[in-house]
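# Breakdown of the fold
The lines below spell out each chain.
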Amino acid sequence: MEDACRRAGVGRRTGGTGTGISGGYRRVTVVCQAHGVSDFDQIPGVSIGIHQGLEAIIVETPQARAAVSLFGGHVLSFVPTGAVDVFWVSPLVKAPPTPIRGGTPVCWPYFGKEGQTGDVPSHGYARTARWTVTGGGVLDGGDVEVHLAPVGLGHLDLRLRMTLRIGASLEQTLSTTNPGTRPVRLTEALHNYFRVSDATAVHVDGLAGLTYLDKFDDMAAHEQDCDWRLPADPARSDRIYPGAGGRYLLVDPGLGRRIEIVTQGARSAVVWNPGEAVASGMADVGLHWRGFVCVEAANAGPDVVEVPGQTTHSMSQTITVSSLD
Ligand SMILES: O=P(O)(O)OC[C@H]1O[C@H](O)[C@H](O)[C@@H](O)[C@@H]1O
């Protein structure tokens, strides 16, 4: 069974794909200033600190601790009490304005460069924007909610807000508002880098039976016959699963835990690990590629979202850790 699934993880090619993705974003220079500081320290349990060398707001609740960088509105860390960090941040992470390699990059208002022309940044503008805390507070039961928004993206025709709820679970919601009158199309992702014992020794439930588009095979469509596992040779994965079910379990026997990802408003899942050869060419991954698997909540590939004028579209994920014991 193990061998069958591992073989199936390589995938059966089922045909080509046409990904009619939104385009038309202009090249924009986003000025990445130092971290903006608002009055977030008025929220009980929220302070400023450092996580893995990166300036961050630190959120402490009775059930968890989290770190969020205001460069990118980027969750860096989520540690339920007594647990190992859910997220991986590269030991080779670069300073801003290089996008942070790890945690949860916010990919918005497009994923990758799908459909984009010209010299635009990979994964859009939000992950290299400066963000500010716009509100928040302590909820009944002690969870802390933090509201954030990017600064300096007013030239785009969509507006973004993010809500984080930190407690036993991490809830993260991206809300995209179209303030205009004409529909606007977007793709997006919460690009989670989950910390794992070894990317070659974990699996992801919740994807079997789906078709995926393989970026390592010119976006050809393949069938995912069994749970996702990193293929044996070459050991790498860059897959978009359109029309995915919205509940995925990253099972890690080495760390003795499963990470549950439940999504809403996210029609796609993406599973990425570059593997050894590609990682060797990435200055901020290198030899550390085994330490993470990205399981991403997304609207990507053909799952383009059209936001009518004067409406708001939301995409959210809830991440919960449990022991395999
Ligand atoms: O290097 P980045 O721009 O951060 O992108 C890292 C990765 O993100 C996603 O998972 C994409 O599917 C990959 O194709 C891409 O390589």
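Residues numbered from 1 in each chain as written. Predicted model: local features only at pLDDT ≥ 70, side-chain atom pairs only at ≥ 80, totals over all residues. Heavy atoms only, no water.

### As for the overall build of the protein chain
A count of helical and extended segments in the protein chain gives two helices and 23 strands. Classification of the 325 residues of the protein chain by burial places 54% in the buried group. Of the contacts formed within the protein chain by residues at least 6 apart in sequence, a portion of 67% connects residues at least 24 apart. (Helix = DSSP H or I, 4+ residues; strand = E, 2+ residues; numbered from the N terminus. Buried < 20%, exposed > 50% of the residue type's maximum accessible area, 1.4 Å probe, protein only. Contact = heavy atoms within 4.5 Å.)

### Observations concerning the environment of Gly265
Tracing the backbone shows Gly265 in the loop between strand E19 (257–264) and strand E20 (268–273). The class of Gly265 is partly exposed, set by a relative accessible area of 41%. Once you skip the residues sitting within four places of it in the chain, Gly265 turns out to touch Asn299, His313, Ser314 and Met315.

### Section: the layout of surface pockets
Counted as a void, the largest pocket has a volume near 310 Å³. Within the lining of the largest pocket, the residues separate by chemical class into seven nonpolar, five polar and six charged. (1 Å grid on protein atoms, 1.4 Å probe; cavity = no way out; pocket = protein on both sides within 12 Å on 5 of 7 lines; lining within 4 Å. Points joined across faces, edges and corners; volume = space filled by probe spheres on them. Nonpolar A, V, L, I, M, F, W, Y, C, P; charged D, E, K, R; others polar.)

### Details of the packing of aromatic side chains
Summed over the entire model, instances satisfying the criterion amount to eight aromatic pairs. Look at Trp88 and Tyr193: their rings are 5.9 Å apart centre to centre, the planes differ by 25°, and that puts the pair in the stacked class. Residue Trp88 is found in the loop between strand E5 (74–80) and strand E6 (106–107), and its partner Tyr193 is found in strand E13 (residues 193–195); the two are separated by 105 residues along the sequence. With respect to class, Trp88 is no different from Tyr193; both count as buried. Feature note: the residues Trp88, Tyr193, Trp272 and Phe292 constitute an aromatic cluster, connected by ring pairs. (Phe/Tyr/Trp six-rings, centres within 6.5 Å; stacked < 30°, edge-to-face > 60°.)

### Brief notes about the sheet that holds strand E18 (residues 247–252)
An order of E7-E8-E9-E10-E23-E19-E18-E14 is seen for the eight strands of this open sheet, with the pairing classed as antiparallel. Each end of this open sheet is capped by a strand with a single partner; those strands are strand E7 (130–138) and strand E14 (203–205). Geometrically, the sheet is characterised by an average inter-axis angle of 20° between neighbouring strands, direction not taken into account. Examined bridge by bridge, E14 and E18 share three bridges and lie antiparallel to one another. Each bridged residue has a counterpart across the sheet, and for His203 the counterpart in E18 is Val251. (Pairing = 2+ DSSP bridges. Axes fitted to C-alpha atoms, helices over the stretch in contact; angles between N-to-C directions.)

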